[in-house]
Amino acid sequence: MADVKYDVLGIGNALFDVLVRTDEAFLAKHGMTKGSMSLIDEARAAAIYKDMGPATEVSGGSAANTIVGIGSLGARAAYVGKVKDDQIGKLYVHDIRAAGVAFNTPAAKDGPATGCSYILVTGDGERTMNTYLGAAQDLSPADIDPAEIASAGIVYLEGYLWDPKNAKDAFVKAATIAHEAKRKVALTLSDSFCVDRYRDEFLGLMRNGTVDIVFANESELHSLYMTSDFDTALKQLRNDVKLGVVTRSEKGCVVVTPTDAVAAPASPIAKLVDTTGAGDLFAAGFLYGLARNLAHKQCGELGALAAAEVIQHIGARPQVSLKELAQQRGLTV
Ligand SMILES: OC[C@H]1O[C@H](O)[C@H](O)[C@@H]1O
């Protein structure tokens, strides 16, 4: 097997986030389902943005947030995602490279603008996302560089990639190359509504071995197996994938293999501000631990630490060095 150049390479919808704190009335006025991610067109994006208060603008995108978190923990990380060569796209490229992440996907010269997610954060910290995919929807198999994919120890893919038409093919191409190079492939289920849209396809990817590792939160897991009983769903997950990681908010996480199950606690927080990126940063800590061959419990503890940092401020990218934070807390890194 060739040397690993990147510990983890992520592929996802490259999105710039526009976040604002608001109230439930705003969600009701715009017909939004609290806690969900809805795909929107340009006209709806403009209508929502016009009505939003002063916003925080920061680079986002689920897998990109994870990859930035992995870099912040001190690992070698790379990202593949599509922006346009416009002002927001340039900011996006700057931010991801400035975070130490290798990023070489060519920006689109024409077509839709760089994608944005308009995120409403209510008083309880819950986030409701409205995503205009823009240029992200043009990610295609041509953007998948076989040598780059084969040089990553773990390839991490987001379920949201199943929404844009061509990204599915990019996803499968990357997974095939990774396995040919004897690498691991991880998938996050992204969102319970996304699971609802693509349940059979996600189960197919798990059962036919396209993915080795699956990240899900409780509602995604329940949606996947169409049951409200956690233990029933977990049992099915154990049969369907080599490694399953389920996050349970303040109850921590459960990590399962066909033969083993281990739990790790959540990390304490002073105040919940914004849940945007909680799952993304959990995956960052966990994958970092996996890349360092740590025990699953330690991987879960690192995930919890990274998630706890990100939910205590607005935006889905870490605001401190996660490596230093982990060292302060006595977690091995
Ligand atoms: O998981 C949170 C992320 O999902 C969406 O893709 C937003 O860009 C946000 O940063």
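Structural data are supplied above this passage.
Note that the coordinates shown come from a computational prediction; the quantities given were computed from them, not determined experimentally.

Engineer: Would you mind going over the overall build of the protein in detail, with residue names and values included?
Structural biologist: Regarding its fold elements, the protein presents 12 helices and 14 strands. Taking 2.2 N^0.38 as the reference for a compact globule, 333 residues should give roughly 20 Å; the C-alpha atoms of the protein span a radius of gyration of 18 Å, in line with that estimate. In terms of principal-axis extent, the alpha carbons of the protein reach across some 50 × 40 × 40 Å. Counting contacts in the protein only where the partners sit at least 6 residues apart, residues at least 24 apart contribute 73% of the total. Total accessible area computed for the protein in this model is approximately 13400 Å², and 51% of it derives from carbon and sulfur atoms. For the protein, the distance from the average position of its 33 positive side-chain charges to the average position of its 40 negative side-chain charges is 3 Å.

Engineer: Lay out the pattern of salt bridges with the relevant residues and their values.
Structural biologist: Summed over all chains, the structure comprises 16 salt bridges. Salt-bridge contacts for D196 lead to R199; the nearest nitrogen and oxygen are separated by 2.5 Å. Here R199 and D196 lie together in helix α7 (residues 192-207), a separation of 3 residues that amounts to about one turn. Salt bridges sharing partners connect three or more residues here, namely D7, R76 and R292.

Engineer: Outline the packing of aromatic side chains, supporting the account with residue identities and numerical values.
Structural biologist: Inspection of every chain in the model, using the stated rule, returns 8 aromatic pairs. Taken together, a centroid distance of 4.8 Å and an interplanar angle of 80° make the contact between W162 and F171 edge-to-face. With a relative accessible area of 5%, W162 lands in the buried category. Chaining the aromatic ring pairs together yields one cluster made of Y156, F215, F282 and F286. The positively charged end of R248 is found above the aromatic ring belonging to F230, 3.6 Å away from the centroid.

Engineer: An account of the nonpolar core is requested, with residue identities and associated values reported.
Structural biologist: Among the nonpolar cores identified, the biggest contains 61 residues, and Y79, F215, F286 and L287 are the most heavily contacted of them. Tallying contributions element by element places helix α10 (residues 278-291) first for this core, with 8 residues. A78, V121, A175 and L234 belong to the second-largest nonpolar core, a separate cluster that totals 52 residues.

Engineer: Report on the site of the ligand, specifying residues and quantitative values.
Structural biologist: Looking at the ligand, the residues that line it are L15, D17, G60, G61, S62, N65, S117, M129, T276, G277, D280 and A316. D17 is positioned such that a nitrogen or oxygen atom in its side chain is 2.5 Å from an oxygen atom of the ligand. The backbone of G61 places a nitrogen or oxygen atom 2.9 Å from an oxygen atom of the ligand. For the ligand, whose unbound accessible area comes to 280 Å², protein coverage reaches 95%. Contributing elements (two or more residues each) for the shell around the ligand: β2 (15-21) and α3 (62-72). Taken together, the residues of the shell around the ligand break down into 3 nonpolar, 7 polar and 2 charged.

Engineer: Please set out the sheet that holds strand β1 (residues 6-11) residue by residue, giving values where relevant.
Structural biologist: The mixed open sheet is built from 9 strands, whose spatial order is β6-β5-β1-β9-β10-β11-β12-β13-β14. Looking at strand neighbours, the two that pair on one side only are β6 (102-103) and β14 (261-264), the edges of this open sheet. Note that strand β10 (residues 184-188) and strand β11 (residues 213-217) share 3 bridges and pair parallel. Across the sheet, T188 pairs through a bridge with F215, a residue of β11. This element, helix α6 (residues 167-180), spans β1, β9 (152-158) and β10 of the sheet and lies at about 150° to β10. Against the sheet, helix α11 (residues 296-310) contacts β12 (243-247), β13 (253-256) and β14, and its axis sits at roughly 30° relative to β14.

Reading the values: rules and limits
Residues numbered from 1 in each chain as written. Predicted model: local features only at pLDDT ≥ 70, side-chain atom pairs only at ≥ 80, totals over all residues. Heavy atoms only, no water. Helix = DSSP H or I, 4+ residues; strand = E, 2+ residues; numbered from the N terminus. Rg over C-alpha atoms; globule rule 2.2 N^0.38 Å. Contact = heavy atoms within 4.5 Å. Areas by Shrake-Rupley, 256 points an atom, 1.4 Å probe, with all protein chains shown as cover. Lys, Arg positive; Asp, Glu negative; His and termini not counted. Charge placed at Lys NZ, Arg CZ, Asp CG, Glu CD. Salt bridge = Lys/Arg side-chain N within 4 Å of Asp/Glu carboxyl O. Phe/Tyr/Trp six-rings, centres within 6.5 Å; stacked < 30°, edge-to-face > 60°. Buried < 20%, exposed > 50% of the residue type's maximum accessible area, 1.4 Å probe, protein only. Lys NZ or Arg CZ within 6 Å of the ring centre and 35° of its normal. Core = buried A, V, L, I, M, F, W, Y, C linked by side-chain atoms within 4.5 Å. Near = heavy atom within 4 Å. Polar contact = N/O pair within 3.5 Å; in protein donor to acceptor, adjacent residues only side chain to side chain. Nonpolar A, V, L, I, M, F, W, Y, C, P; charged D, E, K, R; others polar. Pairing = 2+ DSSP bridges. Axes fitted to C-alpha atoms, helices over the stretch in contact; angles between N-to-C directions.

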